[in-house]
Structures are given as C-alpha cells and as structure tokens.
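# Observations on the model geometry
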Amino acid sequence: MSPTLTQNAGPSTNPVRERTRQNAGLLRRRRLVDSTVTVLCALATLIVLAALASILFTLVSDGIRGLTFDTLTRVTSPPGSGGGLLNPILGSIIQTALATLIGTPVGLLAGIYLAEYGAGSVIANSVRFVSDMLLSAPSILVGLFVYLILVAPVGHFSGFAGVAALAILVVPIVVRTTEDMLRLVPISMREAAAALGAPRWKVVLLVSVRAARAGLMTGVLLAVARIAGETAPLLFTSLGNLNWSVSLARPMASLPVTIYQYAGSAYNDWVQLAWTSALLITTGVLLINIIARLGLRRQDR
C-alpha cells in the first residue's frame, strides 16, 4: 500500500490572467500619458490665445484713441501741430502693393518649376538652396544689399529701392509655399489629365495650380503680412518722408518707419500716432485675409 504523496509546489499561474493584468496596466499607463499630453496641449493653447488676446487688446485700446478723421486725412507734421498719417498710409500701400505684384509672379513661377519640372536637377537644387537662405536671412541684410545697388550709386533714397527690397522678401515665401502646396496635389490627378491627352503645361496650369490655389493664396497672404510690417529694409532704402510725396524716385513714408520713429518719442501725440499706425497695419492685413478668403470661397461654389 503506497503512502499518500503531497506536493508542496506553489500556486500555479494562469497565463491568460497574467496577460490580462499586463494589458490592463499598459492601458492605464497609456491613458495617463494621453490625458497628460492633452492637458499640456490645452494649456499651451490657452497661453498662446491669452498672449494674442492681450496683444490685440493693448493694440486696439491704445491705437483706437488716435483713429480720427484728421489722422487719416492729414500728413505727418512736427510735434504738437496735429499731424496725421496720410502720407505713411499711402506710402505703405504703394510699396507693399508694388512689391507684391513684382515678387509674387517670380515666386510662383520658381515654385512651379521646382515642384513640376526640376525634380532632382542641379538648377532646382540651387534655386531651392538660395530660396531657403533668403527665407531665413535677416531682412536688414536685404535692405543693405538694395542700398548698395540702388541707393548708394544714385546718392539718395527712393521709394523704388524700398519696393525692390520688399519684393526680394516676397519671393522666397511664395516659392516655398508654392512648391509645398503643389507637391500635395495627388499624382493621380496629373496622370488623369495626361491620359486625356493634355499637354504638360495645361496639366500644371489647369489641374495642379487650380487644385492648390487656396494654398498658393495663403503663401501670398503670408508674404503680404510679412512685408507690411517690415522696418529694417525700408530704413536703408525708402527711408521715410515727413512731406507729401507719392513719387517712387524720392524718399517715401511708410507706417513701419513711422512707428520706428514715433514710438520712442518724448511727445505724446507722436507716440499716439505710432499706436494708431500699428493698429492700421494689423487691420489692413486682417482685411486683406478676409477678402481673399471670401473670394476663394465664392470661386469654389
């Protein structure tokens, strides 16, 4: 008769329960990380929105006090004489508009070449490198460059030199956005148009560019927003003018230069005009964006 054998082994582990417990712990950790990142993103968003709202509130509250009829209809004048901003407003409109008209076609054509025709070529790589360098270069260097080739040889500042400097700043922004937006257009759209017998230029113009027009317009608006507030290149080119002048051959006033000259002044009326100038620039860029977006939306319908 055999003795009763007792086993002193430990409790057996169920593999299914162990895996379920591990998965539950992993799920809790993932939810914790997800909740933490979500809270941090929301907090960062609130901080940015609060900073933006604070800037806009300060700009509107300080700038709107000087937004009068005389400010918009009278030219700049010495302190205490009730001057306005008519010549800087017109000078900024002229220089920004001409720079955009000059720089936008060049940037669009260069971006189209990089995205559609110059894949992998030495010329395309060189153009892309130069464009990226200009995009990251300080604007004051562009002003110095234009000063050396357009101001120093003739011996005086001019509105045309300011337009040239701003146009150079427009080009790399439009080039980069144009290339990026065209690369987002699906290749199947190009292949479908080519399969129907459309030549290459029609495929690019009527398919690729049309599909990416919203992004292309965004690039142009970004360029306008940048040059509208540029001061450094204008100090070396158009300089500014306290008198009425719309001639591109003479020094021309602008709102950014007016802000630079008036903001640190000891005269309260000039400081008020600087705040109003900043408000006008912001409002102008905002209106251009709204009008362009509404125009694109109407075309899409």
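Every value quoted in this text rests on a predicted model; they were computed, and no experiment measured them. (Residues numbered from 1 in each chain as written. Predicted model: local features only at pLDDT ≥ 70, side-chain atom pairs only at ≥ 80, totals over all residues. Heavy atoms only, no water.)

### Section: helix 1 (residues 15–63)
Compared with the 72 Å implied by 1.5 Å per residue over 49 residues, the 71 Å span of helix 1 between its first and last C-alpha is a close match. Looking only at helix 1, the buried set comprises G25, L59, D62 and G63. Residues of helix 1 that are buried in the fold lie against helix 12 (268–300). (Helix = DSSP H or I, 4+ residues; strand = E, 2+ residues; numbered from the N terminus. Expected span 1.5 Å × (residues − 1). Buried < 20%, exposed > 50% of the residue type's maximum accessible area, 1.4 Å probe, protein only. Contact = heavy atoms within 4.5 Å.)

### Details of the nonpolar core
Soluble globular proteins tend to bury their nonpolar side chains together. Ranked by internal contacts, the top residues of the largest apolar core, which has 18 residues, are A99, V146, L166 and I227. Those elements that place two or more of their residues in this core are helix 5 (139–151), helix 6 (159–183) and helix 9 (213–228). The greatest single-element share of this core, amounting to 10 residues, is contributed by helix 6. In this structure L166 touches Q95, T96, A99, I227, E230, P233 and L234, once residues within four positions along its chain are discounted. Ranked by size, the runner-up nonpolar core spans 11 residues in total, among them I89, Y262, W270 and V285. (Core = buried A, V, L, I, M, F, W, Y, C linked by side-chain atoms within 4.5 Å.)

### A short note on empty space enclosed by the protein
Tallied over the full model, the rule gives one cavity of 30 Å³ or more. The calculated volume of the largest cavity comes to roughly 30 Å³. Around the largest cavity sit S92, Q95, T96, L166, I227, A228, L234, S254 and P256, which together line it. Residue contributions to the lining of the largest cavity peak at three residues, all from helix 3 (residues 86–117). Considering only residue class, the lining of the largest cavity consists of five nonpolar, four polar and no charged. (1 Å grid on protein atoms, 1.4 Å probe; cavity = no way out; pocket = protein on both sides within 12 Å on 5 of 7 lines; lining within 4 Å. Points joined across faces, edges and corners; volume = space filled by probe spheres on them. Nonpolar A, V, L, I, M, F, W, Y, C, P; charged D, E, K, R; others polar.)

### What about unusual backbone geometry?
Located in the positive-phi region is L239, a residue other than glycine, with phi close to 65°. Mapped onto the fold, L239 is located in the loop between helix 10 (232–235) and helix 11 (255–263). Among the residues examined, L239 registers a relative accessible area of 33% and is labelled partly exposed.

### Considerations on the packing of aromatic side chains
One pass over the structure, following the stated rule, counts three aromatic pairs. With a centroid separation of 4.2 Å and an interplanar angle of 15°, the aromatic rings of Y262 and W270 are classed as stacked. Given the relative accessible area of 16%, W270 is considered buried. The side chain of R200 reaches across the aromatic face of Y117, ending 4.8 Å from its centre. (Phe/Tyr/Trp six-rings, centres within 6.5 Å; stacked < 30°, edge-to-face > 60°. Lys NZ or Arg CZ within 6 Å of the ring centre and 35° of its normal.)

### Focus: the layout of surface pockets
Here the largest pocket is characterised by a volume of approximately 460 Å³. The set of elements that each furnish at least two residues to the lining of the largest pocket consists of helix 3, helix 9 and helix 12. The residue makeup of the lining of the largest pocket, split by class, is 14 nonpolar, four polar and no charged.

### A word on the packing of helix 1 against helix 12
The interhelical angle for the contact between helix 1 and helix 12, taken along N-to-C directions, is 125°, at an axis separation of 8 Å. In terms of axis orientation, helix 1 runs oblique to helix 12. Two packed elements cross with a definite hand, and for helix 1 against helix 12 that hand is left-handed. Taking contact as the criterion, the partners of T58, L59, V60, D62 and G63 in helix 1 are, on helix 12, Q272, W275, T276, A278, L279 and T282. Among the residues forming the contact of helix 1 with helix 12, the class breakdown is five nonpolar, five polar and one charged. (Axes fitted to C-alpha atoms, helices over the stretch in contact; angles between N-to-C directions. Parallel < 35°, antiparallel > 145°, perpendicular 65-115°, else oblique. Left-handed = near helix turned anticlockwise from the far one by under 90°.)

### A look at the environment of A165
In this structure, A165 sits in helix 6. Spatially, the C-alpha atom of A165 lies 6.3 Å from that of P233, the residues being 68 residues apart in sequence. Setting aside chain neighbours within four positions, we find A165 in contact with V142, V146, P233 and T237.

### Thoughts on the environment of L72
Its location among the elements puts L72 in helix 2 (residues 69–73). Taking the C-alpha atoms as reference points, L72 and I89, separated by 17 residues in sequence, lie 8.1 Å from one another. Look past the residues within four positions of L72 in its chain and what remains in contact with it is L67, L86, I89 and L280.

It is worth stressing that arrangement in space is one thing and function is another; only the former is reported here.
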